[in-house]
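An overview of the molecular structure
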Amino acid sequence: MTQIERGTNVHQSNHLNQPKGHVNAPVPLQPLGSPPPQQTASAWWLLKRFAIITTATLATAVGVTLAMVLPLPTGVASNSKGAPSDKGAVWQTGFQYQVGRPVNILVMGIDRVPGAKEGSKELFDGRSDTMLLLRVDPGDDSVKLLSVPRDTQVNIPGVGLTKINDANVRGGPELAAKTVSGILNGVTIDRYVRVDTEAFRELVDLLGGVEVYVPEPMSYVDQTQKLKINLARGLQTLNGDQAEQFARFRHDAYGDIGRVQRQQTLLKALLKRLTNPTVIPRLPGLVSTLQKYIDTNLSLEEMLALSGAGRQLSQGNFKMVMLPGRFSTPNEFVASYWIMNPEGRDRVMKQYFNIDPSDALTAQARSATDLRIAVQNASSKPDAANQLRRYLAQRGFSNVYIADDWSEKQTDTQIIAQQGDLSGATAVKDLLGFGRVEADSTGDLESDLTIRVGDDWTMPSK
């Protein structure tokens, strides 16, 4: 198995054979701290600074991965003789690094630690407000993102039954990685990125805000994080403070799970913002602002390889899913938990991470007509959802229900793989002959799939 590689030269490393559940230590492909051949010290410094900021962007978009899609400047300046300048050499040399095999990165957004000084290691000792497992796969040029709710019930080694957000507090990224691997069929975690949540606000402001539809009024004070939330309903451009309010709002029926859905919504909005050419001039300002908020064991070369991978990524190859499960009932436990669904977990790990479940029976494919489907009207036709429900019933779908109308009208119908069942979503699309599969978990929580009906839906005559 190959490691992250540079150019066409393949580098082998024993660290790839470490036991599952451990964070692999970074193994530099060449000594850090010295410039590559034929590159000046100032250019190498610039390259290193850029790598840090792309990793910061990776981590800060909802705790997150935006370096995977970061647009890079074109038309790099040359000197009067036509030879590349130092900056040109940086781009030409730096992005020869490539991702040579699938890489799994644990990304954690860390709650504010009271009293921790800016720039100190103590900033990263808090609970993980956001936990994401990111897979960069050069085989199909894709990035896949699994959101693990902070209230997920786990047995943390040496600690006991508790919420997964406590793992970082108890044992840092190593224990967090071991815990995540333990509940996800032994998935190997190659690297980690921890980010202080303060970075998210600054990132959004530096990008000039993000456009998001706020589905309901949001208003209360989060005393634990000293955050006043006050957002009106409607489509609007949120600044950094407002985007954090949107991401951290919990006072609805879905609590932490609603937060995961809003984080995915914000991530899509940030992705759209970062692909806007007007954003590029603002990127240099990210360097000094965000690097102090990041802790990672990614090496410089690995950061460059991951950043380079994002240059070829299309939005269709960016797939998101939330760990399938359910809320615990009030009488089950003293605390409230997100209880993982093992069958749904196995399906996600197979389709997103190429890991076969230990119990082959749970991997059996379900018929599309057996899926629990929510139909949600997002069209200008008042009866569209009921029409589609009847149409599905005529074709053998027996577990279909109507969800509340989507608050924002849209042209195209979406088939949302709420529980990560991409093959099921594709099968439904093929049976219906219309719609676009969405690889995220922003649909109705009770569904396997949510069909969000757009204006492209027309009830067939027969």
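We now turn to the structure provided with this report. (Residues numbered from 1 in each chain as written. Predicted model: local features only at pLDDT ≥ 70, side-chain atom pairs only at ≥ 80, totals over all residues. Heavy atoms only, no water.)

A word on the overall build of the protein
For the protein, the helix and strand inventory stands at eleven helices and 21 strands. Sorting the 462 residues of the protein into buried and exposed places 55% on the buried side. Accessible surface computed for the protein: about 19900 Å², of which carbon and sulfur atoms make up 50%. (Helix = DSSP H or I, 4+ residues; strand = E, 2+ residues; numbered from the N terminus. Buried < 20%, exposed > 50% of the residue type's maximum accessible area, 1.4 Å probe, protein only. Areas by Shrake-Rupley, 256 points an atom, 1.4 Å probe, with all protein chains shown as cover.)

Some details on the packing of aromatic side chains
How two aromatic rings sit relative to each other is given by the distance of their centres and the angle of their planes. In the structure shown here, the tally under the stated rule is four aromatic pairs. When the ring of F327 is compared with that of W338, the centres are 5.2 Å apart and the planes differ by 80 degrees; the resulting orientation is edge-to-face. Taken together, the positions of F327 in strand 15 (residues 325-327) and W338 in strand 16 (residues 338-340) put the pair eleven residues apart, joining distant regions of the chain. The exposure class assigned to F327 is partly exposed, which follows from its relative accessible area of 35%. Considering the side-chain rings of F333 and Y337, the 5.4 Å spacing of their centres and the 90 degrees angle between planes classify their relative orientation as edge-to-face. Members of the aromatic cluster, each reached through a chain of ring pairs, are Y391, F434 and W457. (Phe/Tyr/Trp six-rings, centres within 6.5 Å; stacked < 30°, edge-to-face > 60°.)

Focus on helix 10 (residues 384-394)
An α-helical turn contains 3.6 residues, so any two residues separated by three or four positions project in the same direction. Burial in helix 10 covers these residues: A384, A385, L388, Y391 and L392. When helix 10 is viewed along its axis, its buried side chains cluster within an angular range of 125 degrees and face the same direction. Contacts made by the buried residues of helix 10 are with strand 17 (373-377), strand 18 (400-402), helix 11 (422-432) and strand 21 (449-453). Downstream of helix 10 by a residue or two, G396 has a phi angle that is positive, lying close to 95 degrees. (Arc of directions from axis to C-beta. Contact = heavy atoms within 4.5 Å.)

Section: the sheet that holds strand 14 (residues 318-322)
Taking strand neighbours across the sheet as the criterion, the six strands line up as 13-8-3-4-5-14 in an open arrangement whose pairing is mixed. Because the sheet does not close on itself, it has two edges, and the strands there are strand 13 (294-296) and strand 14. On average, each strand axis in the sheet is inclined to that of its neighbour by 20 degrees, with strand direction left out of account. Here strand 8 (residues 191-196) runs beside strand 13; their pairing, made up of three bridges, is antiparallel. (Pairing = 2+ DSSP bridges. Axes fitted to C-alpha atoms, helices over the stretch in contact; angles between N-to-C directions.)

Things to note about the sheet that holds strand 19 (residues 414-416)
One open sheet accounts for five strands, arranged 18-17-21-19-20; its pairing is mixed. Each edge of the sheet is formed by a strand with only one pairing partner; in this case those strands are strand 18 and strand 20 (436-438). Neighbouring strand axes in the sheet, compared pairwise and without regard to direction, differ in orientation by 25 degrees on average. Note that strand 17 and strand 21 share five bridges and pair parallel. Looking across to strand 21, one finds that N377 is bridged to V453. Taken strand by strand, helix 10 contacts strand 17, strand 18 and strand 21, and its axis lies near 150 degrees from that of strand 17. In this fold helix 11 packs onto strand 17, strand 19, strand 20 and strand 21, with an angle of close to 40 degrees to the strand it touches most, strand 21.

Some details on the environment of G158
Here G158 lies in the loop between strand 6 (153-156) and strand 7 (160-163). Spatially, the C-alpha atoms of G158 and L175 are 9.6 Å apart, while their sequence positions differ by 17 residues.

Thoughts on the environment of E438
Inspection of the secondary structure assignment puts E438 in strand 20. Given a relative accessible area of 13%, E438 falls into the buried group. When the C-alpha positions of E438 and I415 are compared, they lie 5.8 Å apart, and in sequence the two are 23 residues distant.

Digging into the pairing of strand 21
In terms of burial, strand 21 is a largely internal element, five of the five residues being buried. Across the two faces of strand 21 the burial is the same, with L449, I451 and V453 and T450 and R452 all buried. In terms of strand pairing, strand 19 meets strand 21 through three bridges, oriented antiparallel. Directly across from I415, in strand 21, lies its bridge partner I451.

Some thoughts on unusual backbone geometry
Of note, D141 is a non-glycine position whose phi angle comes to about 50 degrees, a positive value. Mapped onto the elements, D141 comes out in the loop between strand 4 (128-137) and strand 5 (142-147). The class for D141 is partly exposed, based on a relative accessible area of 40%.

Here's the deal with the pairing of strand 11 (residues 227-231)
Side chains of strand 11 alternate between two faces, with L227, I229 and L231 buried and K228 and N230 left unburied. Both strand 10 (residues 218-222) and strand 11 contribute to a ladder of five bridges, which runs antiparallel. Bridge assignment links D222 to a residue of strand 11, and that residue is L227.

Some words on helix 9 (residues 342-353)
Along helix 9, the residues that are buried comprise G344, R345, D346, R347, V348, M349, Y352 and F353. N-cap assignment for helix 9: the residue whose side-chain oxygen lies 2.9 Å from the backbone N of E343 is N341. (Polar contact = N/O pair within 3.5 Å; in protein donor to acceptor, adjacent residues only side chain to side chain.)

Concerning the pattern of salt bridges
Tallying each qualifying case throughout the model produces 18 salt bridges. Overlapping salt bridges, with partners in common, bring together D111, D129 and R150 in one network. (Salt bridge = Lys/Arg side-chain N within 4 Å of Asp/Glu carboxyl O.)

Some points on the packing of helix 4 (residues 198-206) against helix 5 (residues 240-248)
Across the interface, helix 4 lies against helix 5 with an axial gap of 7 Å and an inter-helix angle of 130 degrees. Here helix 4 lies oblique to helix 5, going by the angle between them. Here the hand of the crossing between helix 4 and helix 5 comes out right-handed. Side by side, helix 4 and helix 5 meet where F200, R201, V204 and D205 of the first sit next to G240, D241, A243 and E244 of the second. Residues that form the contact of helix 4 with helix 5 fall into these classes: three nonpolar, one polar and four charged. (Parallel < 35°, antiparallel > 145°, perpendicular 65-115°, else oblique. Left-handed = near helix turned anticlockwise from the far one by under 90°. Nonpolar A, V, L, I, M, F, W, Y, C, P; charged D, E, K, R; others polar.)

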